[in-house]
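Residues per chain, in single letters:
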Amino acid sequence: MRITLAELELHRITASERYAPGSLDFHGAEFRQAAPLKLDATAELLGAEIRIRGHLATRLDASCDRCLGAVEIPVSSDFDLFYRPMESIAKEEEIEIPASELEVGFYSGDGIELADVATEQVLLSVPMKVVCDSECRGLCPVCGANRNLTLCNCAPSQHDSPFASLKEE
Ligand SMILES: [Zn+2]
Ligand SMILES: [Zn+2]
C-alpha cells in the first residue's frame with residue numbers, strides 16, 4: 001500500500017496491513033521472516049512532512065552467531081516516524097536536526113510505500129549480535145562439536161588460551 005500526498009491532503013490515512021513471509025525484501029539480511037507481519041498505522045500530513053505512527057509485529061528465524069543454532073526473534077515495535085521531502089535536504093543542509101527529531105527519514109516523489117516502512121522498522125529491531133543465549137558456549141574450534149551439548153576432549157586450542165582474547169581485540 002502506498003501512502004500518497006494527494007490522499008493525505010484530503011484526510012489522514014489509517015492502514016492495517018499484513019505481509020506474508022517472503023513478500024518483503026530485507027536486502028539479504030541474515031534472518032528469515034517466519035510469520036506474517038502485521039502492521040497498523042496512521043499517516044498524516046504536517047506541513048510538508050508525513051508522520052506515520054503505529055505498531056508492527058512479526059517473528060523472525062535466525063541463527064546463533066556462536067553455535068549456529070536456531071534463534072527465534074519476536075519483533076513487536078511501536079514507531080512514530082517523520083518523513084521529509086527529499087527535495088528539502090539541499091535547502092536545509094545548514095539546519096541542525098534537533099535530537100528529539102532523530103527519527104526523521106525522507107521520501108521522494110508522491111509518497112511512501114508502507115512496505116518500506118515495515119522493512120526498515122524490522123531491520124532496526126534486529127540486534128547486531130544474535131545469540132541463542134548470552135551463556136552460549138559456541139562450537140569447538142577443533143572438532144566443531146556444539147559445546148552447549150557435548151564436552152569434547154579436544155586439547156584447548158590457542159583460541160581458548162587466556163591470551164586469545166588479547167589477540168582477538
Ligand atoms: Zn548459540
Ligand atoms: Zn572439540
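Let us look at the structure shown here. (Residues numbered from 1 in each chain as written. Chains lettered and ligands numbered in written order. Predicted model: local features only at pLDDT ≥ 70, side-chain atom pairs only at ≥ 80, totals over all residues. Heavy atoms only, no water.)

### Quick notes on the overall build of the protein
Phase 1: Scanning the protein for helices and strands turns up 4 helices and 8 strands.
Phase 2: Mapped from its N terminus to its C terminus, the protein presents α and β elements in the order β-α-β-β-β-β-β-α-β-β-α-α.
Phase 3: The buried share of the protein, reckoned over its 169 residues, is 33%.
Phase 4: Contacts spanning at least 24 positions in sequence make up 53% of the contacts within the protein whose residues lie at least 6 apart.
Phase 5: Element-wise, carbon and sulfur atoms account for 53% of the exposed surface of the protein, whose accessible area totals about 10,800 Å². (Helix = DSSP H or I, 4+ residues; strand = E, 2+ residues; numbered from the N terminus. Buried < 20%, exposed > 50% of the residue type's maximum accessible area, 1.4 Å probe, protein only. Contact = heavy atoms within 4.5 Å. Areas by Shrake-Rupley, 256 points an atom, 1.4 Å probe, with all protein chains shown as cover.)

### So, the coordination of the zinc ion (ligand 1)
Phase 1: Protein-derived ligands of the zinc ion (ligand 1) are Cys64 (SG), Cys67 (SG), Cys132 (SG) and Cys136 (SG), with the metal-ligand distances lying across 2.3 to 2.4 Å.
Phase 2: The coordination sphere of the zinc ion (ligand 1) comprises 4 donor atoms, whose angles at the metal cover 106 to 113°; the geometry is tetrahedral.
Phase 3: Sequence spacing of the donors to the zinc ion (ligand 1): C-x2-C-x64-C-x3-C.
Phase 4: Owing to a relative accessible area of 37%, Cys132 belongs among the partly exposed residues under this scheme. (Donors = N, O, S within 2.8 Å, 3.2 Å for Na, K, Ca; no water. Tetrahedral: all angles 85-135°; square planar, octahedral: opposite > 155°, others 65-115°.)

### Some details on the environment of Asn153
Phase 1: Tracing the backbone shows Asn153 in the loop between helix 3 (114-125) and helix 4 (164-168).
Phase 2: Spatially, the C-alpha atom of Asn153 lies 9.9 Å from that of Val142, the residues being 11 residues apart in sequence.

### Concerning the nonpolar core
Phase 1: Formed by 36 residues in total, the largest nonpolar core has its most connected members in Leu39 and Ile52.
Phase 2: In terms of residue count, strand 6 (residues 70-85) provides more of this core than any other element does, 6 residues in total. (Core = buried A, V, L, I, M, F, W, Y, C linked by side-chain atoms within 4.5 Å.)

### Quick notes on the coordination of the zinc ion (ligand 2)
Phase 1: Donor atoms from the polypeptide that bind the zinc ion (ligand 2) are Cys140 (SG), Cys143 (SG), Cys152 (SG) and Cys154 (SG), placed at 2.3 Å.
Phase 2: Note that the zinc ion (ligand 2) binds 4 donor atoms; their angles at the metal cover 106 to 112°, and the shape is tetrahedral.

### Section: the pattern of salt bridges
Phase 1: Under the defined criterion, the tally for this structure stands at 9 salt bridges.
Phase 2: The salt bridge involving Glu44 is made with Arg53; its shortest N-O contact spans 2.7 Å.
Phase 3: Accessibility expressed as a relative area gives 31% for Arg53, which makes it partly exposed.
Phase 4: Of the charged contacts, one joins Asp65 and Lys129 as a salt bridge, the two residues approaching to 3.6 Å between their closest N and O atoms. A residue pair is termed long-range when its members are at least 10 positions apart, and Asp65 in the loop between strand 5 (49-63) and strand 6 and Lys129 in the loop between helix 3 and helix 4 qualify at 64 residues.
Phase 5: For Asp65, a relative accessible area of 36% translates into the label partly exposed.
Phase 6: What makes Lys129 exposed here is its relative accessible area of 62%.
Phase 7: A single salt-bridge network, built from bridges that share partners, covers Arg2, Asp110 and Glu113. (Salt bridge = Lys/Arg side-chain N within 4 Å of Asp/Glu carboxyl O.)

### What to know about the environment of Ile52
Phase 1: If you trace the backbone, Ile52 turns up in strand 5.
Phase 2: What makes Ile52 buried here is its relative accessible area of 0%.
Phase 3: Taking C-alpha positions, Ile52 is 8.1 Å from Tyr83, a pair spaced 31 residues apart along the chain.
Phase 4: Other than its neighbours up to four places away in sequence, Ile52 contacts Ala41, Thr42, Ala43, Phe79, Asp80, Leu81, Tyr83, Ile112, Leu114 and Val117.

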